[in-house]
Structures are given as structure tokens and as C-alpha cells.
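Reading the structure
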Amino acid sequence: MKRKRESGQAMVEFALILPILLLIVCGIIDFGWLFFNQLSLDNACREGARYATVHSIDEDCEALTAQHVENIISPVVDNVTVTITYSSETDRLAGDVTVKLEAQMNILTPVLGIISGGQTRPITSEVTMKVET
């Protein structure tokens, strides 16, 4: 009786599993990168809103807040759009301040790019705080 040769079996099984394994690993990398960027944007938005509430008495508060936010987020995300609005246009100290950040995140692997339809994904964050007097 002849014995069957199974010397290439492991290589064939590995070749069948490798694409699925790479898809899972790339998905983990992309979604981790997405969550990291979103949390960084949320943190910068919160810091910007806090900065705007404390410094709302300054004349150039919007410019100072935008610069503060860009200093925090620039090592992580590029091309951030900062929008600062006050609920009371006549008296900044009488209402709330809203800071909204919008950015484009670069995707690292093609997996999230296929799902989102491109190699960049928009991320946004918005925080509203009561102005301190």
C-alpha cells in the first residue's frame, strides 16, 4: 500500500487563509487609525471650546482659539477647518460658544478606502460650552 504525500498541504492551506488574514489585519489597522484620529479631533475640539470660554473677553478670541486648536491637532491631522460661533452675537459673555472641527483623514490601507469610497475620510467634532464670566 502506497502512502499519500502531504508535503504541500500546509502551503495550500496557508495560501487559502492568507487573503482573509490580511483583510482582517488591515481592517484592524484602519479602524484603529480612524478611532485614534476621531478621539484626537474630539479632544482638540473640547480643548478649543474650553479655551474659547475662558478667553471670550479677548478681542481676537476666535483667532486665538483657532490657533490653539491647530497647535493641538496639527501633529495628528492636517487641513483642519475650525468654526467658532457664539449663541449671542452682541454679547459673547451672555451665552454659549460652539467649536466645530472638520478634517480629512488619510486612510492607511485600502480596506477602509473600499468601504468609504476613497483614500480620505471626513471626520468632524462639535462641542458647545457655557461662556464663563
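We now turn to the structure provided with this report. Residue numbering note: each chain is counted from 1, following its sequence as written. Owing to the predicted nature of the model, reporting of local features is limited to residues with pLDDT of at least 70; listing and counting of side-chain atom pairs is limited to 80 or more, with chain, interface and lining totals taken over all residues. Side-chain numbers here rest on the full set of heavy atoms in the structure, without hydrogens or water.

Okay, the side chain of Thr-53 next. By definition, any uninterrupted DSSP run of H or I lasting at least four residues is a helix, any uninterrupted run of E lasting at least two residues is a strand, and each is numbered from the N terminus. Structurally, the position occupied by Thr-53 is in helix H1 (residues 9–54). Reaching out from Thr-53, the side chain makes a polar contact with the backbone oxygen of Arg-50 at a distance of 2.7 Å. Note on contacts: a residue pair is in contact if any heavy atoms of the two residues lie within 4.5 Å. When near neighbours in sequence (up to four residues on either side) are disregarded, Thr-53 contacts Val-97, Met-129, Lys-130, Val-131 and Glu-132. For this analysis, a polar contact is any N or O atom pair within 3.5 Å, provided that within protein one partner can donate a hydrogen and the other can accept it, and provided that sequence-adjacent residues contribute only side-chain to side-chain pairs.

Every helix has an expected span of 1.5 Å times one less than the residues it contains. Here H1 spans 67 Å end to end across 46 residues, near enough to the 68 Å set by a 1.5 Å rise per residue. Residue Ile-17 marks the point of greatest curvature in H1, where the axis turns by about 35°; the proline Pro-19 follows within four residues. Relative accessible area decides the class of each residue, using a 1.4 Å probe on protein chains only: under 20% of the type maximum gives buried, over 50% gives exposed, and in between gives partly exposed. Considered for burial, the residues of H1 that qualify are Gly-27, Asp-30, Leu-34, Asn-37, Ser-40, Leu-41, Ala-44, Cys-45, Gly-48, Ala-49, Ala-52 and Thr-53. Taken together, the buried residues of H1 touch helix H2 (61–73), strand E1 (81–86), strand E2 (96–106), helix H3 (110–116) and strand E3 (120–130). Think of it this way: the bend at a residue is just the angle between two axes, each fitted to seven residues, one set ending at that residue and the other starting at it.

With that settled, consider the side chain of Ser-88. Here Ser-88 is to be found in the loop between E1 and E2. Here the side chain of Ser-88 touches Asp-91 through a polar contact of 3.1 Å, landing on its backbone oxygen. Once you skip the residues sitting within four places of it in the chain, Ser-88 turns out to touch Ala-94 and Gly-95.

Right, let's get into the packing of aromatic side chains. For Phe, Tyr and Trp, rings pair up if their centres lie within 6.5 Å, where Trp contributes its six-membered ring, and each pair is then called stacked (planes under 30 degrees apart), edge-to-face (over 60) or tilted (otherwise). Summed over the entire model, instances satisfying the criterion amount to 1 aromatic pair. Pairing Trp-33 with Phe-36 gives two aromatic rings, centres 5.8 Å apart and planes at 25°, and the pair type is stacked. Pair noted here: Trp-33 and Phe-36 are both in helix H1, with a separation of 3 residues, about one helical turn. On the basis of relative accessibility, which here comes to 42%, the residue Phe-36 falls in the partly exposed class.

With respect to the secondary-structure elements, Arg-46 resides in helix H1. The exposure class of Arg-46 is partly exposed, given its relative accessible area of 44%. Sequence separation between Arg-46 and Gln-104 is 58 residues, and the spatial gap between their C-alpha atoms is 19 Å. Not counting chain neighbours up to four residues away, the residues in contact with Arg-46 comprise Val-127 and Met-129.

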